[in-house]
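Survey of secondary and tertiary structure
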Amino acid sequence: MRVETHHLRCTECATVITKDEVSSNFRCPQCHGLYEVVYPWSAIPPAVQAPNQTTSQISGPTNEVHRVPNPSALRWLWQERRSSTMAVDQSGVWRFRDLLPIVDDLEKVITLREGNTPLYDLPRCAKAAGLDWLLAKHQGMNPTGSFKDTGMTAALSVAAQRGFDWVACASTGNTSAAMAAYAARAGLRSIVFIPEGKIAWGKLSQSMDYGAFTIQLRTDFDGCVKILGELVKQFPIYLLNSVNPYRLEGQKTPAFEMVEQMDWQVPEHIIVPGGNLANSAALGKGFSEMFQLGLIPRKPKISIIQAHGANPLYRWFIDSNRIMNPVTADTRATAIRIGNPASWRKAASIIDELGGWCEEVSEQEIALAKAEIGAEGVGCEPASAVTLAGLKKLVALGKVTREERVVLILTGHTLKDSAYTIDYHRDELFTDAERAQLSPAERAQHAALRKPPIVLDADASLVLRTLESHMQHPQPA
Ligand code: F0G
């Protein structure tokens with residue numbers, strides 16, 4: 001008898017289906033809800049586990065035998081795999097494969113050795129936010145420069161093993177870059193739908209470099225999603241947007257990695273940027289599973305930060321009737337320029353379940369936070385910087401206290417959107433109206449961070465004189 005390693009459960013009406021029953025748009029036919037992957041051990045209390053085996057056994061509803069992962073053995077195994085030369089062990093996603101048994105053949109997973117991203121401390125940003133210390137999990141240090149790689153290795157491996165030839169996504173640029181790369185590795189054909197003129201060049205170039213069929217639609221991200229939704233109904237194309245629940249299985253692994261990097265201590269608060277709102281849900285699932293399996297003693301809060309111009313979840317959060325109204329999105333943080341987020345219900349329940357918060361931040365606040373993260377020698381793309389900008393607000397509101405351990409999820413690499421960075425440092429980013437909104441103190445903060453390049457004639461004495469006058473200005477602390 002074949003034992004299923006996992007099922008799909010609708011997050012709205014709780015209907016459970018087998019993996020082969022899911023429709024091409026990954027929506028529940030009854031309620032249009034999104035699915036999540038569930039495992040035989042998903043609802044088992046930690047107490048049934050034996051202390052020294054990797055797994056213990058339980059009987060499922062049809063008397064088939066299932067294995068329940070054991071926490072201390074898992075911790076040891078995950079660490080051991082770091083010194084292995086096998087590709088699946090070197091991947092920071094598949095290293096945790098015991099908690100994502102979603103593929104039939106491990107030897108055929110499509111991996112670029114994603115994950116294993118650094119956890120940096122940001123002492124100056126901590127000070128700016130009013131905290132004793134602050135950490136950043138830099139998911140921009142993945143092979144294609146964003147957190148999307150962790151999800152793409154999972155879902156693309158599923159697509160390849162199920163025999164699809166074509167994969168597709170609508171994207172603000174990072175999903176498409178990751179999908180194009182992993183599809184190329186797998187030898188699959190990929191189609192990218194991106195909003196014309198509204199994504200960063202670095203991301204567009206990646207999709208071309210990795211050989212995707214790239215279609216720039218004259219619409220926004222939400223319009224691209226609509227068109228792709230029509231397409232997958234008519235052609236055998238595997239949809240790789242984050243409605244695909246296998247993406248989230250990969251994207252939950254940074255939660256495992258983070259607590260492992262903190263010696264199995266749990267931070268008090270995780271801060272995530274919010275766009276289509278799947279990543280917050282994925283990390284929340286990761287923490288919930290670790291808690292449920294006894295790997296961690298409690299769960300952290302997860303707060304979501306949106307850009308003011310693309311803030312449907314924030315509006316839902318402050319609305320006393322809790323009604324979700326899509327918005328027409330506009331922000332320079334193009335990765336999160338999304339007005340009708342597919343996974344908003346999943347994100348909303350993560351906020352409610354884990355006791356987090358939702359905030360919005362202005363364009364000026366995003367730019368300042370991005371420059372502050374850059375000045376720590378870390379850097380990130382604008383959408384990632386909303387985390388620091390939002391954290392400052394959460395501290396001011398008393399939602400985060402000085403001594404709490406906070407981890408910012410930096411989702412994309414600074415080189416993803418170098419045009420933004422150059423415009424900021426040349427003081428060409430803000431409109432006059434935006435500049436006028438800055439207080440004198442904020443202007444001074446921006447001025448201290450800006451490092452525009454200067455152009456000089458190739459004259460040694462001129463260079464020397466210029467350096468001397470520059471060195472007389474003290475560096476900000
Ligand atoms: N940060 C970056 C750098 C992103 O690219 C995205 C989403 C997010 C944050 C938001 O994550 O959607 O899970 O809430 N980018 C998608 C894309 C939409 O197409 O690349 P989310």
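What this report covers is the structure whose coordinates are included nearby. Computed from a predicted model, the values in this text were never measured in an experiment.

Bringing the overall build of the protein into the picture now. Counting its secondary structure elements, the protein contains 18 helices and 15 strands. On C-alpha atoms alone, the protein measures out to a radius of gyration of 23 Å, which is about the 23 Å that the 2.2 N^0.38 rule sets for 477 residues. Along the first, second and third principal axes, the C-alpha atoms of the protein reach 80 × 50 × 50 Å. Split into buried and exposed, the 477 residues of the protein put 55% on the buried side. Long-range pairs, those at least 24 residues apart, make up 68% of the contacts in the protein between residues at least 6 apart in sequence. Separation of charge centres in the protein, based on 49 positive and 51 negative side chains, amounts to 1 Å.

Note that soluble globular proteins tend to have their nonpolar side chains buried in a common cluster. Ranked by size, the top nonpolar core spans 85 residues in total, and within it W94, I102, V167, F287 and M290 carry the most contacts. Those residues within four positions of F287 in sequence are excluded, and the remaining contacts are A255, M258, V259, I270, I296, K299, P300 and I302. Of all hydrophobic cores here, the second largest spans 40 residues; its members include I305, V395, V406 and L408.

Counted as a void, the largest pocket has a volume near 770 Å³. As for the largest pocket, its lining consists of 29 residues, of which R27, H32, V225, N340 and A342 are closest to the centre. Here the residues of the lining of the largest pocket sort into 10 nonpolar, 10 polar and nine charged.

In the structure shown here, the tally under the stated rule is one cavity of 30 Å³ or more. Within this model, the largest cavity holds a volume of roughly 320 Å³. What lines the largest cavity is a set of 27 residues, among which F147, K148, G275, N276 and A335 lie closest to the centre. Secondary-structure elements contributing two or more residues to the lining of the largest cavity are helix 5 (174–186) and helix 8 (245–251). Considering only residue class, the lining of the largest cavity consists of 10 nonpolar, 14 polar and three charged.

With that out of the way, let us pick up the state of the cysteines. Per the counting criterion, the structure on display carries zero disulfides. Take C13: it sits in no disulfide, and the sulfur closest to it among the cysteines is that of C31, at 3.7 Å. Exposure remark for C13: the relative accessible area of 33% places this residue in the partly exposed category. Take C28: it sits in no disulfide, and the sulfur closest to it among the cysteines is that of C13, at 3.7 Å.

Ordered by their spatial adjacency, three strands build an open sheet running 2-1-3, and the pairing between neighbours is antiparallel. Unpaired on one side and paired on the other, strand 2 (16–17) and strand 3 (35–38) mark the two borders of the sheet. Note that strand 1 (residues 7–10) and strand 2 share two bridges and pair antiparallel. Across the sheet, R9 pairs through a bridge with V16, a residue of strand 2.

Positioned with a positive phi, N116 is a non-glycine residue whose angle comes to about 55°. On the secondary structure map, N116 appears in the loop between helix 2 (87–90) and strand 6 (119–121). Relative accessible area serves as the criterion here: at 28%, N116 is assigned to the partly exposed category.

Within strand 9 (residues 189–195), six of the seven residues are buried, which leaves the element mostly enclosed by the surrounding structure. Alignment of strand 8 (residues 166–170) against strand 9, held across five bridges, turns out to be parallel. Residue V167 lies in a different strand from strand 9, and its bridge partner there is S190. Following the chain from strand 8 across helix 5 to the adjacent parallel strand 9, one finds a crossover that is right-handed. As paired elements, strand 9 and strand 10 (residues 213–217) share five bridges and run parallel to each other. Following the sheet pairing, I191 is matched in strand 10 by F213. In this fold, the crossover linking strand 9 to strand 10 by way of helix 6 (residues 201–209) has right-handed handedness.

What follows is about a nonpolar patch on the surface. A surface patch of nonpolar side chains, about 470 Å² in accessible area, is lined by I454, L456, V463, L467 and M471. With respect to the helices and strands, V463 occurs in helix 18 (residues 460–471). For V463, a relative accessible area of 32% puts it in the partly exposed group.

Under the defined criterion, the tally for this structure stands at 11 aromatic pairs. Among the aromatic residues, ring-to-ring pairing joins W78, F96, F256 and W264 into one connected group. Seen from the ring of W357, K399 lies directly overhead, with NZ or CZ sitting 3.9 Å from the centre. The ring of Y424 has R450 sitting right over it, with the charged end atom 4.8 Å from the ring centre.

This part is about the pattern of salt bridges. This structure, assessed with the given rule, holds 30 salt bridges. One salt bridge in this structure joins K252 and E249, with 2.5 Å as the shortest N-O distance. E249 shares its class with K252; the two are buried. We note a salt bridge from E268 to R298, for which the minimum N-O separation is 3.1 Å. A residue pair is termed long-range when its members are at least 10 positions apart, and E268 in the loop between helix 9 (253–261) and strand 12 (269–273) and R298 in the loop between helix 10 (279–292) and strand 13 (301–307) qualify at 30 residues. Under the relative-accessibility criterion, E268 is labelled partly exposed at 22%.

Definitions and cut-offs
Along each chain, residues carry numbers from 1 onward, in the same order as the chain's sequence is written. Predicted model: local features are reported for residues with pLDDT of at least 70 only, side-chain atom pairs are reported and counted for 80 or more only, and whole-chain, interface and lining totals are derived from all residues. Side-chain numbers come from the whole structure's heavy atoms, not from hydrogens or water. Numbering of helices and strands runs from the N terminus, with a helix taken as a DSSP run of H or I at least four residues long and a strand as a DSSP run of E at least two residues long. Only the C-alpha atoms count toward the radius of gyration. The rule for a globule is 2.2 Å times the residue count to the power 0.38. Using a 1.4 Å probe on the protein chains alone, a residue whose accessible area is under 20% of its type maximum counts as buried, one over 50% counts as exposed, and one in between counts as partly exposed. Working rule for contacts: check all heavy atoms of both residues, and any pair within 4.5 Å makes them a contact. Charged residues are defined here as Lys and Arg on the positive side and Asp and Glu on the negative side; His and the ends of the chain fall outside this count. For the purpose of locating charges, the reference atoms are NZ of Lys, CZ of Arg, CG of Asp and CD of Glu. In these notes, a set of buried Ala, Val, Leu, Ile, Met, Phe, Trp, Tyr and Cys residues joined through side-chain atoms within 4.5 Å is what counts as a nonpolar core. Think of a 1 Å grid over the protein atoms and nothing else: a 1.4 Å probe that fits but is trapped marks a cavity, an open set flanked by protein within 12 Å on at least five of seven lines marks a pocket, and residues with an atom within 4 Å of a point count as lining. Grid points are joined across faces, edges and corners, and a volume is the space filled by probe spheres set on the points. Asp, Glu, Lys and Arg are counted as charged, while Ala, Val, Leu, Ile, Met, Phe, Trp, Tyr, Cys and Pro are counted as nonpolar; the rest, among them Gly, fall into the polar class. For this text, the term disulfide refers to a pair of cysteine sulfurs within 2.5 Å. By this definition, two strands are paired if DSSP reports at least two bridges between them. When the strands point away from the viewer, a crossover counts as right-handed if the path from the first strand over the helix to the second runs clockwise. Patches here are clusters of residues that have more than 30% relative accessible area and form no salt bridge, with a 9 Å joining cutoff for like charges and a 5 Å cutoff for nonpolar side chains (Val, Leu, Ile, Met, Phe, Trp, Tyr). Note on areas: these come from Shrake-Rupley sampling with a 1.4 Å probe, and a residue is covered only by the protein chains present in the view. Whenever a carboxyl oxygen of Asp or Glu lies within 4 Å of a side-chain nitrogen of Lys or Arg, that contact is scored as a salt bridge. Stacked, edge-to-face and tilted labels apply to pairs of Phe, Tyr and Trp rings (six-membered ring for Trp) whose centres lie within 6.5 Å, assigned for plane angles under 30 degrees, over 60, and everything in between, in that order. Whether a charge lies above a ring is judged from NZ of Lys or CZ of Arg, which has to be within 6 Å of the ring centre and within 35 degrees of the ring normal.

These results come straight from atomic positions and should not be treated as a statement about function.
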